[in-house]
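# Coordinate inspection notes
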Amino acid sequence: MVGSPLMEEEEDMYLDLFLDPYTVQDAFPPAMSHLFSPRAPLDVYPLNLSNPEAVFSPHFGGVKETSSDFSSVDLSFLPDELAQDSKDQAVTGNRHETEQSRKTQDQQCQLQLPGGEDSGLSLNNGSSPGSHAHLYPGGAAFNQPSPEKSSSDSLPVASIVSMTPMNPVPECSGIVPQLQNVVSTANLACKLDLRKIALSAKNTEYNPKRFAAVIMRIREPRTTALLFSSGKVVCTGAKSEEESRLAARKYARVVQKLGFPVKFFNFKIQNMVGSCDVKFPIRLEILALTHRQFSSYEPELFPGLIYKMVRPQVVLLIFASGKVVLTGAKERSEIYEAFENMYPILESFKKT
Amino acid sequence: MPSGSRCPDCGSSELVEDSHYSQSQLVCSDCGCVVTEGTLTTTFNDEGNLREVTYSRSTGENEQVSRSQQRDLRRVRDLCRILKLPTTFEDTAISYYQRAYQLSGIRAARLQKKEVLVGCCVLITCRQHNWPLTMGAICTLLYADLDVFSGTYMQLVKLLGLDVPALCLADLVKSYCSSFRLFQASPSIPAKYVEDKDKMLSRTLLLVELANETWLVTGRHPLPVITAATFLAWQSLRPSARLTCSLAQFCKLANVDLPYPAASRLQELLAVLLRMASQLAWLRVLKLDKRTVVKHIADLLQHRHMLVRMAFRDGTAEGETQKQQQGEQGQREEAEDSTFDVLERKRPASPAPLLPPCMLKPPKRSHPTPSVSAVTGDENISDSEIEQYLRTPQEVRDFQRAQAASQAAKSVPNPP
């Protein structure tokens, strides 16, 4: 199974990340200075959430928890990260309670706010300190007992959620990127006679002068494969990792039926492409200015902004219409993580 | 006389410095042989005879620098001179080229890429000094493809780790507008089309700013927007005479290429102006359309900030009070005060969302969310499914025969 061994090691990984000290940030867009910090893209999370309900997805299942470690800091004008080393011990206990969970980046600001109706998430730009006082009126909404929440600066930190590839749980954004393409490779471990394959199989193209591989297509799952004479196969067009694996096996079966002694070794996902829509327009020129080290925006060449995220190593194509394409990931979680890292940055452009 | 230099013909050491029409020469006084002279002798010889030689042509530099690099460095200088760039730019561009040449990926690249690299270095230098130079301009100068240029440019920026600022729109407007040949009367340009440069520039700048604010510039090539804005500015400065002139005619008159997207940018800009006009009471009465709104561009630009806020909503409440508007308009148009008060009662047109045009168009096709298929990747693959992709032996024979026949037909020339 693709699922279970992967999940074991991932859970360990998540536990480590979980226990790392992670910063809780609260930044307001007008203070542009903090956006120029080297870790800017991952740290900044301006809180102009006009629509609190959309942020707290109900399917969290009461995961949120606030740390009791925060010193009382006035939240109203936080230029930079606050409470650098606030550990979320309480959240560890919380973790066991959650079935559904999702891994998060330690640098991400996870605003898991109580899903209560008047959660008091009136953390708009420049709001007065008074507004933070009613951040957690609905503490009882959770399974966890909320510790002393007198300090108004407690921003609940993310819960670590274990990955369930089938049912991804969106964090702050409520938007899940859809996988559009998965590229994988496999090794059939025997030399292939491309001419014979092109002759005996219906669904093939072979033009040795143009390209030294047979292009084969199958209908279910709808994919295309490149078969090389060395026995290596590249399978593209699948919509999920499992589909890609199934398709690669089908190609191997086709070649096997043609009389070659194939095996199926080293199946590896090389690239995954996802896309989604944030549904609001984005000022690309300002994004390019504020995130110079990562962005490349050349309207004369390409209408979108190319954002090269470092952690995870994913390239995002961001367009003015709000559509985002994520590529370069080797795992589904990397795509989700990259989008969750990006969404707060994009949200800061919502009201421009 | 420098010792050791002798006339190559007769061997005498009697060499005289002479200058022939300001070209200094070294001449043998015995046989009259010209020992060194600008183009008649080689640099190597000149240096041997201790004549001064420019550094860039001297043989000393050539030892470290390969011939193709020398040629390309000369090209960089020439390009800078053609574009009339300040001399500091030249040095910066040369240094970028030299740095790029150190990288193995560039050094081993094809000649085409190296030629384009020359343009890339100049472009980066210009961008860093906020000198408005478009990629299209460089590509036409180099006779290069934009795709090749873009690939090389992105690679260069990545490899050298450069921070290239964005193209400065205001400067681009100024330099582009100045290239329009409409500021002086000439036989090809009727007097009613001639326009004052400063007025046109300032109005074009305002229109481009307006386009930027209303999402017409983000993600698009900047030049067509500027063309459309220049055209509107020119028309609005004397609408009675110029409304009949179309965008294509305008560009032809001005001796400027018309970029293809400029027409649609023009329509978008006019749509924005019409929306703004619907917020002004005295214009609402006139029931403007895309042609007549041009006459009122001056008014619209004067109040553009407020009108944009009123005409478009972006989530903020539409509670823009009319008081501001009343106050301003009262100052300006006393004559229309009476009608104004009456019309004030009517609600202005409901605000449209301020979105980029791509978001305003209806989606071409609905995007069905793909159902989560429960594929595990390890299912059984039935034989029949695989067999559908294979040819039977009979089919293979037929296919081979058909292939052979088509090959034969191809080799035989077509009968006339």
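Look above for the structure.
Description of the structure in this document. (Residues numbered from 1 in each chain as written. Chains lettered and ligands numbered in written order. Predicted model: local features only at pLDDT ≥ 70, side-chain atom pairs only at ≥ 80, totals over all residues. Heavy atoms only, no water.)

Let's shift gears to the overall build of chain B. Within chain B one finds 22 helices and five strands. Considering chain B as a whole, with its 416 residues, one finds that 41% of them fall into the buried category. As displayed, chain B offers around 23,700 Å² of accessible surface, 53% of which is attributable to carbon and sulfur atoms. (Helix = DSSP H or I, 4+ residues; strand = E, 2+ residues; numbered from the N terminus. Buried < 20%, exposed > 50% of the residue type's maximum accessible area, 1.4 Å probe, protein only. Areas by Shrake-Rupley, 256 points an atom, 1.4 Å probe, with all protein chains shown as cover.)

Our next topic: the pattern of salt bridges. Inspection of every chain in the model, using the stated rule, returns 19 salt bridges over all chains. In this structure, the salt-bridge partner of B:Asp378 is A:Arg245, at a minimum N-O distance of 3.2 Å. On the criterion of chain membership, the pair formed by B:Asp378 in the loop between α20 (357-360) and α21 (383-387) and A:Arg245 in helix α7 (residues 241-257) is interchain, its members lying in two chains. Classification of A:Arg245 by relative accessible area gives partly exposed; the value is 22%. Here B:Arg220 makes a salt bridge to B:Glu268, at a shortest N to O gap of 3.0 Å. Within this pair, whereas B:Arg220 is found in the loop between α10 (197-213) and α11 (222-237), its partner B:Glu268 is found in helix α14 (residues 262-277), the two being separated by 48 residues in sequence. (Salt bridge = Lys/Arg side-chain N within 4 Å of Asp/Glu carboxyl O.)

For the rest of this paragraph, the subject is the pairing of strand β6 (residues 265-277) of chain A. All names here are of chain A. Sheet topology places strand β1 (residues 178-187) next to β6; eight bridges connect them, and they run antiparallel. The residue of β6 that forms the bridge with Asn187 is Phe265. Taken together, the five bridges between β6 and strand β10 (residues 323-329) define a ladder with antiparallel strand orientation. Opposite Asp277, over in β10, you have Lys323 as the bridge partner. (Pairing = 2+ DSSP bridges.)

Here we come to unusual backbone geometry. Residue and element names in this part refer to chain A. For the bond from Glu220 to Pro221, the omega torsion is -5 degrees, close enough to zero to count as cis. Tracing the sequence through the fold places Pro221 in the loop between β3 (213-218) and β4 (223-228). Along the chain, Arg311 connects to Pro312 via a cis peptide bond; the corresponding omega equals 0 degrees. Of note, Pro312 is situated in the loop between β8 (305-309) and β9 (314-318). If you check the backbone angles, Asn266 has positive phi at about 50 degrees while not being a glycine.

For the rest of this paragraph, the subject is the packing of helix α6 (residues 111-128) of chain B against helix α8 (residues 146-160) of chain B. Residue and element names in this part refer to chain B. Relative orientation of the contacting elements α6 and α8 amounts to 65 degrees, with a least axis distance of 9 Å. Pair α6 / α8 crosses with right-handed handedness. Contacts between α6 and α8 involve Gln112, Lys113, Val116, Leu117, Gly119, Cys120, Cys121, Leu123, Ile124 and Arg127 from the first element and Val148, Phe149, Thr152, Tyr153, Gln155, Leu156 and Val157 from the second. Of the residues that constitute the contact of α6 with α8, the class distribution is 11 nonpolar, four polar and two charged. (Axes fitted to C-alpha atoms, helices over the stretch in contact; angles between N-to-C directions. Left-handed = near helix turned anticlockwise from the far one by under 90°. Contact = heavy atoms within 4.5 Å. Nonpolar A, V, L, I, M, F, W, Y, C, P; charged D, E, K, R; others polar.)

What follows deals with the packing of aromatic side chains. Going through the model one piece at a time under the given rule, you end up with 15 aromatic pairs over all chains. Relative to B:Phe250, the ring of B:Trp234 has its centre 4.7 Å away and its plane inclined at 40 degrees; by these criteria the two rings are tilted. With B:Trp234 in helix α11 and B:Phe250 in helix α13 (residues 247-254), this pair connects stretches of sequence that are 16 residues apart. B:Phe250 carries the same exposure label as B:Trp234, and that label is buried. Put simply, the rings of B:Tyr176, B:Phe180, B:Tyr193, B:Phe231, B:Trp234 and B:Phe250 touch in pairs and so form one group of aromatic residues. Over the ring of A:Phe267 we find A:Arg245; its NZ or CZ atom is 5.8 Å from the centre of that ring. Above the face of the B:Phe399 ring, B:Arg391 is positioned so that its terminal group lies 4.0 Å from the ring centre. (Phe/Tyr/Trp six-rings, centres within 6.5 Å; stacked < 30°, edge-to-face > 60°. Lys NZ or Arg CZ within 6 Å of the ring centre and 35° of its normal.)

This brings us to the nonpolar core. Residue and element names in this part refer to chain B. Counting residues in hydrophobic clusters, the biggest one holds 58 residues, and the most contacted among them are Leu207, Leu232 and Leu300. Of all elements in the fold, only α9 (169-178), α10, α11, α13, α14, α15 (281-284), α16 (297-302) and α17 (304-311) reach the threshold of two or more residues within this core. If you tally residues by element for this core, the top one is α11, at nine residues. Discounting chain neighbours no more than four positions away, the residues touching Leu232 are Leu207, Leu266, Leu269, Leu270, Leu273, Val294 and Ile297. Counting residues in hydrophobic clusters, the runner-up holds 34 residues, among them Leu79, Ile106, Cys121 and Val122. (Core = buried A, V, L, I, M, F, W, Y, C linked by side-chain atoms within 4.5 Å.)

So, on to the pairing of β4(A). All names here are of chain A. Of the two faces of β4, only one is covered, namely that formed by Thr223, Ala225 and Leu227; the face formed by Thr224, Leu226 and Phe228 stays uncovered. By the bridge criterion, six bridges tie β3 to β4 in an arrangement that is antiparallel. Considered in β4, the bridge of Arg217 is made with Thr224. The antiparallel hairpin formed by β3 and β4 contains four residues in its connecting segment. Pairing of β4 with strand β5 (residues 232-238) involves four bridges; the strand directions are antiparallel. Paired with Leu226 across the two strands is Val234, which belongs to β5. Connecting the antiparallel pair β4 and β5 is a turn made up of three residues, with Gly231 showing a positive phi of about 105 degrees.

This part takes up the interface of chain B and chain A. Listed as interface residues are 49 residues of chain B and, on the opposing side, 45 residues of chain A. Carbon and sulfur atoms supply 57% of the area buried between chain B and chain A, which totals about 4,100 Å² over both sides. On the chain B side of the interface with chain A, the three residues burying the most area are B:Trp215, B:Ile381 and B:Tyr389, jointly 17% of the side's total. On inspection of chain B and its partner chain A, the count reaches seven salt bridges. Across the pair B:Asp383 and A:Lys257 runs a salt bridge, and its minimum N-O distance is 3.1 Å. Taken together, the links from chain B to chain A amount to 22 residue pairs in polar contact (both at pLDDT 80 or more). Put simply, the parts of the chain that give the side of chain B that touches chain A at least two residues each are α7 (135-142), α8, α10, α20, α21 and α22 (393-411) of chain B. Per element, the largest residue contribution to the side of chain B that touches chain A is five residues, and it comes from α8(B). Among the residues forming the side of chain B that touches chain A, the class breakdown is 23 nonpolar, 13 polar and 13 charged. (Buried area = accessible area lost by both parts, 1.4 Å probe. Polar contact = N/O pair within 3.5 Å; in protein donor to acceptor, adjacent residues only side chain to side chain.)

Now for the environment of B:Pro224. Residues and elements named next belong to chain B. Looking at the secondary structure, you find Pro224 in helix α11. On the accessibility criterion, Pro224 (3% relative accessible area) is buried. Separated by 41 residues in the primary sequence, Pro224 and Arg265 place their C-alpha atoms 6.9 Å from one another. Beyond its immediate chain neighbours, meaning those up to four positions away, Pro224 contacts Pro259, Pro261, Ala262 and Arg265.

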